[in-house]
Protein chains: 2
Amino acid sequence: MTASRSLAAESESRAAGVGTVPHPRLSINQATVKHADLATALRVTAAAGVEAIGLWREPVQEVGLDVAARMLTDSGLRFTTHCRGGFFTLPVGPEREAALDDNRRAIEEAATLAAAGAEGSTAVLVLVAGGLPEGSRDLIGARERVRDAIGALADDARAAGVTLAIEPLHPMYASDRAVVSTLGQALDIAADFDPAVVGAAVDTFHIWWDPQVLDQIARAGREGRIATYQVCDWKTPLAADPLLSRHYPGDGVIDFAPLTRAVQDTGYDRDIEVEIFHADVWADDPVRVVRRTAEAFATAVAPHL
Amino acid sequence: MTASRSLAAESESRAAGVGTVPHPRLSINQATVKHADLATALRVTAAAGVEAIGLWREPVQEVGLDVAARMLTDSGLRFTTHCRGGFFTLPVGPEREAALDDNRRAIEEAATLAAAGAEGSTAVLVLVAGGLPEGSRDLIGARERVRDAIGALADDARAAGVTLAIEPLHPMYASDRAVVSTLGQALDIAADFDPAVVGAAVDTFHIWWDPQVLDQIARAGREGRIATYQVCDWKTPLAADPLLSRHYPGDGVIDFAPLTRAVQDTGYDRDIEVEIFHADVWADDPVRVVRRTAEAFATAVAPHL
């Protein structure tokens, strides 16, 4: 940490009323402060004493990859994941090829950002599989195309030193967002590939309900597939837009103890992202959001590490 | 079918513009015409030439069980399921005992109605497990209490000749409606009991997304556990109240071919209910709703039988 950033951080921390040092493994996923630009997201995260951040492609592209990488280096933060690639369910044709090319750019971005982040950064690209193509009911075919697409990208990922993290999304998104719905299914797809190249994203919001979740987390550990562990909470009623129903850890019904211990028991010792999509959180001051995230993590997640 | 009912049915069929005879295995779940009272639900179902109906407890209780049973007999319809028991996740205490007693009444109702229905009626009570109790995050404990509750009711069900059908609900209802989220999980619970006493409800809306669904349907068949097959469709965006997101078969993205064939391949040859919860369907004329249901079933489901 440079002296000037340290001073700015302390000043902003005091302004935000941060009382405690955030957990050293906490990473702020940039979506949690969605309306902050990259500079703001990096600044408020570092200023709060958080050590790591996961970035999204759009705000990185807004400033350009090279500039983003320099900003990240200057922030002193570790880089944990890049969000997101995927959208793999399109049938063969130019749209699918364009999506694959875009994923190759995302792989390069993830590699560049991981190299620009502080020591301990991880080159992980989170993949959201995509939903059923317009007018299609062929769920099984869509799932096969996800596997094919990952096969088409695996060499690029290996060459770049990037791990592709297949993210199972909650089954309520199976038709329009992600035909990969369980951790077991993600691991079945990943099984065709080297664990250094293809892993899974373990996100509490998406998998907490799964009767097999603890077994599948243990399996993911055994198979070396936990590319990232992400936490946020589930609460009903769902938001009218169910995408925006993610809450601060502790504000909902997820029991983070067994899930976090299961991940910890696999030997996973890297950063843990908090990723919240919620209109109220997004409308809030990002300084306050990062502080609340750190507090929520300290209360709901850290005791189980 | 009595002569007088036949004439009335023909007259109402003509008025409704029904062109084809409904599939002989179609059953109208009463929730599909939610705002119709029991008399109306029976009348419009029989008048459309549909041969079977699944009932709900509230409209039955509105007229009283004995009267409801006589009305059902007079309708000439087969009785397919009684909806619903369950709400099993409460901790030990008087509320839980009251819930179990209420389930015992529901078992008696199901037996009485099945005896009153036409030949081929089935004494099936659909069970919705219940969500997490207020303030609880103990999902695993709640699931254990579901098993315990079924154990407490199994002898009553056996004595009454009723099959308890554990219904896995879509994982988006795991916190507030049903901690049983997959067919595999329902079958794991049922495995402790005689298949004549405890089975599972196979409902396309709840399980279509499950990567294991075809295997689990085959397993349910092998284990003699398919107590009822229910169909409706899934479409996004979800309704603001996600409970009301069930659509006519064919109006959404579910491929009924593999699911229906999988059920059929197990040897399941009984009635198939259409159960739709949707504000627009409920606001519609029940005569038209039954007709549209029969048409949707004929197009989307019947070709796979």
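Coordinates for the structure precede this section.
Since we're looking at a predicted model, the values are computed, not measured.

### Some thoughts on the sheet that holds strand β3 (residues 78-86) of chain A
Whenever strands of a sheet pair, they do so through backbone hydrogen bonds, lying parallel or antiparallel. Residue and element names in this part refer to chain A. Read around the barrel, eight strands follow the order β1-β2-β3-β4-β5-β6-β7-β10 and close on themselves; strand pairing throughout is parallel. Recorded for the sheet is a direction-independent mean angle of 30° between the axes of neighbouring strands. Summarising the sheet, strand β1 (residues 26-29) and strand β2 (residues 52-56) pair through three bridges and their orientation is parallel. Bridged to Ile-28 within β2 is Ile-53.

### Details of the pattern of salt bridges
Using the criterion set out here, one finds 32 salt bridges over all chains in the structure. Note that Asp192(A) is salt-bridged to Arg147(A), the shortest N-O span being 2.7 Å. Residue Asp192(A) is located in the loop between α7 (183-190) and β6 (198-203), and its partner Arg147(A) is located in helix α6 (residues 139-160); the two are separated by 45 residues in the primary sequence. Taking the relative accessible area as the measure of exposure, Arg147(A) reaches 23% and is therefore partly exposed. When the shortest N-O distance is used, the salt bridge between Asp156(B) and Arg104(B) registers 3.3 Å. With Asp156(B) in helix α6 (residues 139-160) and Arg104(B) in helix α5 (residues 94-116), the pair connects residues that are 52 residues apart, well separated along the chain. Given the relative accessible area of 25%, Arg104(B) is considered partly exposed. The network of salt bridges with shared partners includes Arg57(A), Asp102(A), Arg105(A) and Glu109(A).

### Observations regarding the side chain of Arg246(B)
All names here are of chain B. Topologically, Arg-246 is positioned in strand β9 (residues 246-247). A relative accessible area of 1% places Arg-246 in the buried class. A polar contact of 3.2 Å, which involves the side chain of Arg-246, links it to the side chain of His-206. Residues contacting Arg-246, with those up to four places away along its chain left out, are Asp-203, Phe-205, His-206, Cys-232, Asp-233, Glu-275, Ile-276, Phe-277 and His-278.

### What about the interface of chain A and chain B?
In this assembly, 30 residues from chain A lie in contact with 30 residues from chain B. For the chain A and chain B pair, buried surface summed over both sides reaches about 2400 Å², with 63% attributable to carbon and sulfur atoms. For the pair chain A and chain B, the interface holds zero salt bridges. Summed over the shared surface of chain A and chain B, the result is twelve residue pairs in polar contact (both at pLDDT 80 or more). In terms of residues, the side of chain A that touches chain B owes the most to one element, α6(A), which gives three residues. Of the residues belonging to the side of chain A that touches chain B, the class tally is 15 nonpolar, ten polar and five charged.

### Quick notes on the packing of α6(A) against α7(A)
If you want to describe how two helices pack, look at the angle between their axes and the distance between the axes. Residue and element names in this part refer to chain A. Running from N to C, α6 and α7 point in directions that differ by 45°, and their axes come no closer than 10 Å. Regarding the angle of α6 to α7, the classification is oblique. For α6 against α7, the interelement crossing comes out right-handed. Contacts between α6 and α7 involve Arg-143, Val-146, Arg-147 and Ile-150 from the former and Gln-185, Asp-188 and Ile-189 from the latter. When its residues are assigned to classes, the contact of α6 with α7 shows three nonpolar, one polar and three charged.

### Quick look at empty space enclosed by the protein
All names here are of chain A. Under the defined criterion, the tally for this structure stands at seven cavities of 30 Å³ or more. Its volume calculated, the largest cavity comes out at about 140 Å³. In terms of lining, the largest cavity is formed by 16 residues, of which the most central are Arg-84, Glu-167, His-206, Glu-275 and Phe-277. Breaking the lining of the largest cavity down by element, the ones donating at least two residues are β3, β4 (124-128) and α8 (204-207). Of the residues belonging to the lining of the largest cavity, the class tally is nine nonpolar, two polar and five charged.

### A short note on α7(A)
All names here are of chain A. Burial analysis of α7 places seven of its eight residues in the buried class, the great majority of the element. Along α7, the positions that sit buried rather than exposed are Leu-183, Gly-184, Gln-185, Ala-186, Leu-187, Ile-189 and Ala-190. For α7, the elements touching its buried residues are α6, β5 (163-166), β6, α8 and α9 (213-222).

### Some remarks on the environment of Thr89(B)
All names here are of chain B. Within the secondary structure, Thr-89 is located in the loop between β3 (78-86) and α5. Owing to a relative accessible area of 5%, Thr-89 belongs among the buried residues under this scheme. Residues Thr-89 and Arg-143 lie 54 residues apart in sequence; the distance between their C-alpha atoms is 7.0 Å.

Calculation rules
- Residues numbered from 1 in each chain as written.
- Chains lettered and ligands numbered in written order.
- Predicted model: local features only at pLDDT ≥ 70, side-chain atom pairs only at ≥ 80, totals over all residues.
- Heavy atoms only, no water.
- Pairing = 2+ DSSP bridges.
- Helix = DSSP H or I, 4+ residues; strand = E, 2+ residues; numbered from the N terminus.
- Axes fitted to C-alpha atoms, helices over the stretch in contact; angles between N-to-C directions.
- Salt bridge = Lys/Arg side-chain N within 4 Å of Asp/Glu carboxyl O.
- Buried < 20%, exposed > 50% of the residue type's maximum accessible area, 1.4 Å probe, protein only.
- Polar contact = N/O pair within 3.5 Å; in protein donor to acceptor, adjacent residues only side chain to side chain.
- Contact = heavy atoms within 4.5 Å.
- Buried area = accessible area lost by both parts, 1.4 Å probe.
- Nonpolar A, V, L, I, M, F, W, Y, C, P; charged D, E, K, R; others polar.
- Parallel < 35°, antiparallel > 145°, perpendicular 65-115°, else oblique.
- Left-handed = near helix turned anticlockwise from the far one by under 90°.
- 1 Å grid on protein atoms, 1.4 Å probe; cavity = no way out; pocket = protein on both sides within 12 Å on 5 of 7 lines; lining within 4 Å.
- Points joined across faces, edges and corners; volume = space filled by probe spheres on them.

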